[in-house]
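# Structural description and commentary
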Amino acid sequence: MGIFDTHAGLAARYQAARAAGRMPTGVVMERLLSASEAIIDGRRVVTAGTHNYLGLAFDEACIEAAVAAVRREGTGTCGSRIANGSFSDHVALERELAAFHGMRHAMIFSTGYQANLGVISTLVGAGDFLLLDADSHASIYDACKQTQAGAIRFKHNDPDSLDARLRRLAGEPGFKLVVVEGIYSMLGDIAPLKAIVEVCRKHGAYLLVDEAHSMGVLGARGCGLAEREGVLDQVDFVVGTFSKSLGAVGGYCVSNHEQFEILRLACRPYMFTASLPPATVASTRAALAAVQARPELREKLWSNIHRFHDALSAAGFQLGAAPSPIVAVRLESEAATLSMWRALLDAGYYVNIGLPPATPSGESLLRCAISAGHSPAQIDGLSARLISLAQAHGVLPNARPRVALGLA
Ligand code: PMP
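Everything numeric here is computed off the predicted structure, so don't read it as measured data.

What counts, and at which threshold
Residues numbered from 1 in each chain as written. Predicted model: local features only at pLDDT ≥ 70, side-chain atom pairs only at ≥ 80, totals over all residues. Heavy atoms only, no water. Salt bridge = Lys/Arg side-chain N within 4 Å of Asp/Glu carboxyl O. Helix = DSSP H or I, 4+ residues; strand = E, 2+ residues; numbered from the N terminus. Buried < 20%, exposed > 50% of the residue type's maximum accessible area, 1.4 Å probe, protein only. Pairing = 2+ DSSP bridges. Core = buried A, V, L, I, M, F, W, Y, C linked by side-chain atoms within 4.5 Å. Domains from an automatic or database assignment. Contact = heavy atoms within 4.5 Å. Axes fitted to C-alpha atoms, helices over the stretch in contact; angles between N-to-C directions. Right-handed = clockwise from strand over helix to strand, strands pointing away. Buried area = accessible area lost by both parts, 1.4 Å probe. Near = heavy atom within 4 Å. Polar contact = N/O pair within 3.5 Å; in protein donor to acceptor, adjacent residues only side chain to side chain. Nonpolar A, V, L, I, M, F, W, Y, C, P; charged D, E, K, R; others polar.

## Considering the pattern of salt bridges
Enumeration over the complete set of coordinates arrives at 18 salt bridges. Arg285 serves as the salt-bridge partner of Glu96, at 2.6 Å between the closest nitrogen and oxygen. Here Glu96 is found in helix α3 (residues 88-101), whereas its partner Arg285 is found in helix α10 (residues 278-293), with 189 residues between them in sequence. In this structure Arg285 comes out as partly exposed when scored by relative accessible area, which is 26%. Residue Glu296 is joined to Arg294 by a salt bridge in which the shortest nitrogen-to-oxygen separation is 3.9 Å. Accessibility expressed as a relative area gives 29% for Arg294, which makes it partly exposed. Salt bridges here are not isolated pairs; linked through shared partners, they connect Arg72, Asp89, Glu96 and Arg285.

Quick look at the structure:
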C-alpha cells in the first residue's frame, strides 16, 4: 500500500496505451519556429493544437513589448497584487480590458484557470446555487469544489434544461449564478447565449460567460460571443484568458457591477499568488491592441477555419459543431484515435487529442486548433492527411473519392 495507490487504475491505463506507442503527454516542443511550426523529435512539424488563434504569440510588436518590459522591470514581480506586485502596467491592462468590453471594472489573474476558480468561488457561497453547463471546463468544475454553494448541472447548450433547474430553485432565497462558455473547449461548439440570457433574466439569475476560446475570435470587435449576440450589457461577468488569442498566459474578469472591486480583498486565487511578470503584461497589452487594430487577423482565422471545416465535412467526417477554431474530429474508438494521432505526428502534423473521461459523452476526439498563423497550404496538408489516414483506418465510410475533393 502506498500513497499513489488511488491512481493505480490511471497508471495501468496509461501504461497500456504507452505500450502501443508515443503518447500526447510525452511530446516535447524542442524548438518553436513560428506561430505554426515547431521541431519535435528533431523534425519540422506543423502545429495545429495550439490556441494561438490569431498568431500573436509570434507577433513582432508583442515580442518587442515583452523584451522592453523585461529589460525595464525585471523578470518577475516577486509579489502578489495585494503586496508589491501591482505595477502600473497591470493597472493599465485592466483599464484597457474594461474599455475593450465596455465594462467599468476589470481584474487580471495569473491564469484563466485562476480567474474562473477565484471569481466563481468568491461570488457564491453557502445557501447559493451555481448552475453550470455539463460540458464546462475543469476550472469551472474545480470552482464548484471551492465553494459551499450548491452545484447543479444542466444539459449542454440547453436553455430549457437550465430553465427547468432554475424553476425548481424558485423558492430558494440564495443567489443563483449561471456559468456558460462562449465556445466550448472540447467540441468547439457555441453557446445559445441569447436564449440563456433570457432564461437568466426570467429567473433573476446572475450570468458569467467564459470567453476563453471566443475572445479575439467572435464579434465585430473580437470581444467574443456576448458581443456577437448583442448581449454584452446583459452579462454580469465575462471571464477570459491571455493564453489563447492573446498569445501569452494569464486571465481576467470584467464586470459592470459597482461592488466588483471588493473581489480584490476577498478572492484568494487573486490575492495569494504572484502577479503576472512584466513581459507577459506588456505582450498582452500589445496583443489586445492588435485584436482591435487588425481585424484582418480575425478574417484570416475565419478563412482558415472554413477552408478546413469544409474539407473535412465534405469528406464525411463527424465534426464537433458548426465551424469554430476548435475543429473536433469525433471518432468512436480510443485505439483508432491514438493510432491516427501518432500517424499524423509521424506525417508532420501535431494536433491535440481528447479521450474519455475528459471528453463529453465519453467520445474520442482529434482536436485541431486553427490559427490565422496557418498558411492555406498547411491547412490543406492537414486535411488531406487526416482524410487519407481516416480512410486507412476504416473510420471514414462515407468518404467521397479524393479526386472529387481536389486532394489527390
Ligand atoms: N476556460 C476555458 C473554457 C478553457 O478552455 C481554459 C483553458 N483551456 C481555461 C478557462 C483556462 O485558461 P488558462 O489556460 O488561461 O488557465
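There's plenty left to go through after this.
## Some details on the pairing of strand β10 (residues 251-255)
The side chains of a regular strand alternate, first on one face of the sheet and then on the other. With respect to burial, β10 is a largely interior element, five of its five residues being buried. Every second residue of β10 is oriented toward a common face, with Gly251, Cys253 and Ser255 on one face and Tyr252 and Val254 on the other, all of them buried. Strand direction decides the pairing type here: strand β4 (residues 105-109) and β10, joined by five bridges, are antiparallel. Looking across to β10, one finds that Phe109 is bridged to Gly251. Pairing of strand β9 (residues 237-241) with β10 involves five bridges; the strand directions are antiparallel. Its bridge partner lying in β10, Val238 is registered against Val254.

## Some words on the nonpolar core
The nonpolar side chains of a soluble globular protein tend to be buried with one another. Counting residues in each nonpolar core, the largest one holds 93 residues, and the members touching the most others are Val178, Leu207, Phe317 and Leu386. A domain-level breakdown of this core finds at least three residues from each of domain 1 (21-50 + 295-393) and domain 2 (59-293). For Phe317, the residues in contact, after removing those within four places along its chain, are Leu312, Val329, Leu386, Ile387, Ala390 and Leu396. Formed by 24 residues, the second largest nonpolar core is a distinct cluster that contains Val124, Cys144, Val239 and Cys267.

## Things to note about the sheet that holds strand β8 (residues 206-210)
Taken together, seven strands build an open sheet; the order of strands is β4-β10-β9-β8-β7-β5-β6 and the sheet is mixed. Because the sheet does not close on itself, it has two edges, and the strands there are β4 and β6 (150-154). Taking the axes of each pair of neighbouring strands and ignoring which way they run, one obtains an average angle of 20° across the sheet. Strands in contact with helix α5 (residues 138-145) are β5 (129-133), β6, β7 (176-181) and β8; relative to β5, the strand with the most contacts, it is inclined by about 160°. Where helix α6 (residues 159-168) meets the sheet, it contacts β5, β6 and β7, and its direction lies at approximately 145° from that of β6.

## A word on the pairing of β6
Both β5 and β6 contribute to a ladder of five bridges, which runs parallel. Paired with Phe129 across the strands is Gly150, a residue of β6. For the crossover from β5 across α5 to β6, the handedness is right-handed.

## Quick notes on the domain arrangement of the protein
When its domains are assigned, the protein resolves into domain 1 (21-50 + 295-393) and domain 2 (59-293). Each partner contributes to the interface: domain 1 provides 20 residues, whereas domain 2 provides 20 residues. A buried area of about 1,400 Å², summed over both sides, lies between domain 1 and domain 2, and 63% of it is on carbon and sulfur atoms. When the area that domain 1 buries against domain 2 is broken down by residue, the three leading residues are Arg298, Ile326 and Pro360, summing to 39%. Scanning the region where domain 1 abuts domain 2 turns up zero salt bridges.

## Re unusual backbone geometry
A cis amide bond links Pro356 with the next residue in sequence, Pro357, at an omega value of 10°. Tracing the backbone through its elements, the reader meets Pro357 in the loop between β13 (352-354) and β14 (364-369). Its identity as a non-glycine residue notwithstanding, Asn157 has a phi of 55°, on the positive side. When you line up the elements, Asn157 lands in the loop between β6 and α6.

## A look at the site of the ligand
Every one of the 15 residues lining the ligand counts as a neighbour, but Gly112, Tyr113, Asp210, His213 and Thr241 are closest to it. Measuring from an oxygen atom of the ligand, one finds a side-chain N or O atom of Thr241 at 2.6 Å. One nitrogen or oxygen atom from the side chain of Ser243 is found 3.0 Å from an oxygen atom belonging to the ligand. For the shell around the ligand, the element with the highest residue contribution is helix α4 (residues 112-123), accounting for three residues. Each residue belonging to the shell around the ligand can be placed in one class, and the counts come to two nonpolar, ten polar and three charged.

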